[in-house]
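What follows is each chain in one-letter form.
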Protein chains: 2
Amino acid sequence: MASSAPEERSQRVAEIVAAARTLLEEGGAEALSMRRVAERLGIRAPSLYKHLAGKPELEAAIISDGFAELAQAFAGAAGEGPRERLAAFGRLYRGFATSHPHLYRLMTARPLPRERLAPGVEEAAARPLVEAAGGDGDLARAVWAFAHGMAILELDGRFPPGADLDAAWEAGVTALAAQVREHRARRRQA
Amino acid sequence: MASSAPEERSQRVAEIVAAARTLLEEGGAEALSMRRVAERLGIRAPSLYKHLAGKPELEAAIISDGFAELAQAFAGAAGEGPRERLAAFGRLYRGFATSHPHLYRLMTARPLPRERLAPGVEEAAARPLVEAAGGDGDLARAVWAFAHGMAILELDGRFPPGADLDAAWEAGVTALAAQVREHRARRRQA
DNA sequence: GTCTATACCCGGATAGAC
DNA sequence: GTCTATCCGGGTATAGAC
């Protein structure tokens with residue numbers, strides 16, 4: 001069974017997910033344990049299993065919420081040409097990742113439990129990306145790979161200390177925007 | 001203390017690292033436990049601590065070896081122009097990731113324990129990337145982000161089932177190669 | 001020096017009583 | 001719906017046998 005959207009969750013389940021989310025955002029994935037979630041709610045860990053199937057389902061609920069919030073963040077993406085659209089997408093993407101680093105990691109840095117997610121949330125978050133890429137699926141995947149790579153490598157502290165990440169983002173956006181423009185030109189010809 | 005290079009490792013430590021590497025490559029990070037490593041060597045887990053400080057040091061030894069192998073793989077990278085050099089880099093990078101998925105994840109999908117690594121291995125693996133990017137550090141980081149994003153998203157099964165990943169790689173390489181060419185042109189002017 | 005046995009703490013999860 | 005008791009597996013420290 002797929003995880004319910006927030007509105008369909010029972011009061012108790014919503015409280016559990018909220019407590020779990022707080023633990024995750026404050027202390028990362030290691031801080032998110034069933035025992036700790038229970039402790040935060042003043043109950044024992046086994047009691048949680050009367051409301052949720054287990055930890056994977058709890059994580060999936062958090063991930064579903066994350067995708068919904070990401071899609072909402074993208075709603076504010078605007079821009080005249082491919083260049084500005086891609087740049088705006090990049091700013092929002094990076095902003096989400098750096099604002100919710102542990103949540104972002106949970107959402108992206110592992111295989112996605114698609115069967116447990118609320119239906120449609122992944123697609124809703126992906127759509128603005130495809131649009132920013134001018135409708136070309138291959139290019140959209142290249143853009144996503146770039147954006148995810150920049151975001152996750154920054155979160156993990158993998159870039160050198162003095163690295164100018166704004167400049168790296170700009171270099172990638174510039175390169176990919178030129179491709180979007182070319183793809184559009186080819187499309188007009190056909 | 002930094003992890004020793006393979007040649008400086010004692011026989012016993014080398015055997016332990018080899019057993020750990022096998023477990024990792026065969027069963028992923030969850031399969032890599034101190035108990036299992038010991039079992040594979042016919043001893044008990046606590047005995048390992050006479051040879052190694054702990055699991056983080058064992059992982060660091062595996063990671064150091066991985067970087068050395070990655071640097072060696074890049075040695076075969078050749079190409080006439082920026083386009084072909086970047087394409088060759090991408091092929092080798094993707095090949096390494098798909099040939100050793102669990103090792104690649106251990107090396108890249110988490111913060112890097114730099115203090116425990118054998119000195120110089122990270123830089124040796126990074127150098128060919130900077131060269132492929134034409135010497136521009138910002139562009140090199142954009143290239144790395146793209147390559148890592150493509151590799152890790154493929155390993156984690158995050159792209160749609162029918163996605164043409166060869167085409168996505170090509171789109172990104174084409175876009176970034178054009179930037180490398182432009183950077184070179186600007187450099188000649190100055 | 002190298003290994004063993006034992007033990008502690010943490011984690012996910014289940015069974016069954018109230 | 002919550003409890004207690006319990007199991008399993010993991011990393012790790014200590015004590016002591018050989």
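This text follows the structure it describes.
Bear in mind the structure is a predicted one, so any value in this text is a computation, not a measurement.

Here we take up the protein's contact with DNA strand C. Near DNA strand C lie 17 residues; those nearest to it are Met34, Arg35 and Tyr49 of chain A together with Ser47 and Lys50 of chain B. Between a phosphate oxygen of DNA strand C and a side-chain N or O atom of Arg36 of chain A, the distance comes to 3.4 Å. With respect to DNA strand C, the side chain of His51 of chain B contributes an N or O atom lying 3.0 Å from a phosphate oxygen. Elements with a contribution of two residues or more to the surface near DNA strand C: α2 (34–41) and α4 (55–74) of chain A together with α3 (45–48) of chain B. Take the surface near DNA strand C: its biggest share by element is three residues, from α2 of chain A.

Residue and element names in this part refer to chain A. The N-to-C vectors of helix α5 (residues 82–99) and helix α6 (residues 101–108) enclose an angle of 110°; their axes lie 5 Å apart at closest approach. In terms of axis orientation, α5 runs roughly perpendicular to α6. In this structure, α5 uses Tyr93, Phe96, Ala97, Thr98 and Ser99 to contact α6, whose residues at the interface are Pro101, Leu103, Tyr104 and Met107. For the contact of α5 with α6, the residue count by class is seven nonpolar, two polar and no charged.

This paragraph deals with the interface of chain A and chain B. Taken together, the 36 residues of chain A in the interface contact 36 residues of chain B. Together chain A and chain B conceal approximately 2,800 Å² of surface at their shared face, both sides included; 63% is due to carbon and sulfur atoms. Of all residues in chain A, the largest losses of buried area upon contact with chain B belong to Arg141, Trp144 and Arg158 of chain A, amounting jointly to 25% of the total for that side. Of all elements in the fold, only α6, α8 (137–155) and α9 (165–189) of chain A reach the threshold of two or more residues within the side of chain A that touches chain B. In terms of residue count, α8 of chain A provides more of the side of chain A that touches chain B than any other element does, 12 residues in total. For the side of chain A that touches chain B, the residue count by class is 21 nonpolar, seven polar and eight charged.

Okay, helix α1 (residues 11–27) of chain A next. Residue and element names in this part refer to chain A. Taking 1.5 Å per residue, 17 residues should reach 24 Å; α1 reaches 24 Å between its end C-alpha atoms and fits that length. Taken together, the buried positions of α1 are occupied by Val13, Ile16, Val17, Ala19, Ala20, Arg21, Leu23 and Leu24. Considering only its buried residues, α1 is in contact with α2, α3 (45–48), α4 and α6. With its phi angle positive at about 80°, Gly28 sits one or two positions after the end of α1.

This part takes up the relation of the copies chain A and chain B. When chain A is fitted to chain B, the best match, at an RMSD of 0.0 Å, comes from turning it 180° and sliding it 0.0 Å along the axis. Read as a symmetry element, the transformation amounts to a two-fold axis. Taken as a fraction of all interface residues of chain A, those also at the interface in chain B reach 100%, which identifies the copy contact as same-surface.

In this section: the packing of aromatic side chains. Residues and elements named next belong to chain A. For the structure on display, the rule yields 12 aromatic pairs over all chains. Taken together, a centroid distance of 5.0 Å and an interplanar angle of 35° make the contact between Phe74 and Phe89 tilted. Separated by 15 residues along the polypeptide, Phe74 in helix α4 and Phe89 in helix α5 bring together distant segments of the chain. Across this residue pair, the class does not change: Phe74 and Phe89 are buried.

This part takes up the pattern of salt bridges. Residue and element names in this part refer to chain B. Scanning the model with the defined rule gives 24 salt bridges over all chains in all. Measuring nitrogen to oxygen at the nearest pair gives 3.1 Å for the salt bridge that ties Glu182 to Arg186. Note that Glu182 and Arg186 are positioned in helix α9 (residues 165–189) at a spacing of four residues, about one turn of the helix. Relative accessible area serves as the criterion here: at 45%, Arg186 is assigned to the partly exposed category.

Cut-offs used in this document
Residues numbered from 1 in each chain as written. Chains lettered and ligands numbered in written order. Predicted model: local features only at pLDDT ≥ 70, side-chain atom pairs only at ≥ 80, totals over all residues. Heavy atoms only, no water. Near = heavy atom within 4 Å. Polar contact = N/O pair within 3.5 Å; in protein donor to acceptor, adjacent residues only side chain to side chain. Helix = DSSP H or I, 4+ residues; strand = E, 2+ residues; numbered from the N terminus. Axes fitted to C-alpha atoms, helices over the stretch in contact; angles between N-to-C directions. Parallel < 35°, antiparallel > 145°, perpendicular 65-115°, else oblique. Contact = heavy atoms within 4.5 Å. Nonpolar A, V, L, I, M, F, W, Y, C, P; charged D, E, K, R; others polar. Buried area = accessible area lost by both parts, 1.4 Å probe. Expected span 1.5 Å × (residues − 1). Buried < 20%, exposed > 50% of the residue type's maximum accessible area, 1.4 Å probe, protein only. Least-squares fit on C-alpha atoms with pLDDT ≥ 70 in both. Phe/Tyr/Trp six-rings, centres within 6.5 Å; stacked < 30°, edge-to-face > 60°. Salt bridge = Lys/Arg side-chain N within 4 Å of Asp/Glu carboxyl O.

Coordinates in, geometry out; function isn't part of it.
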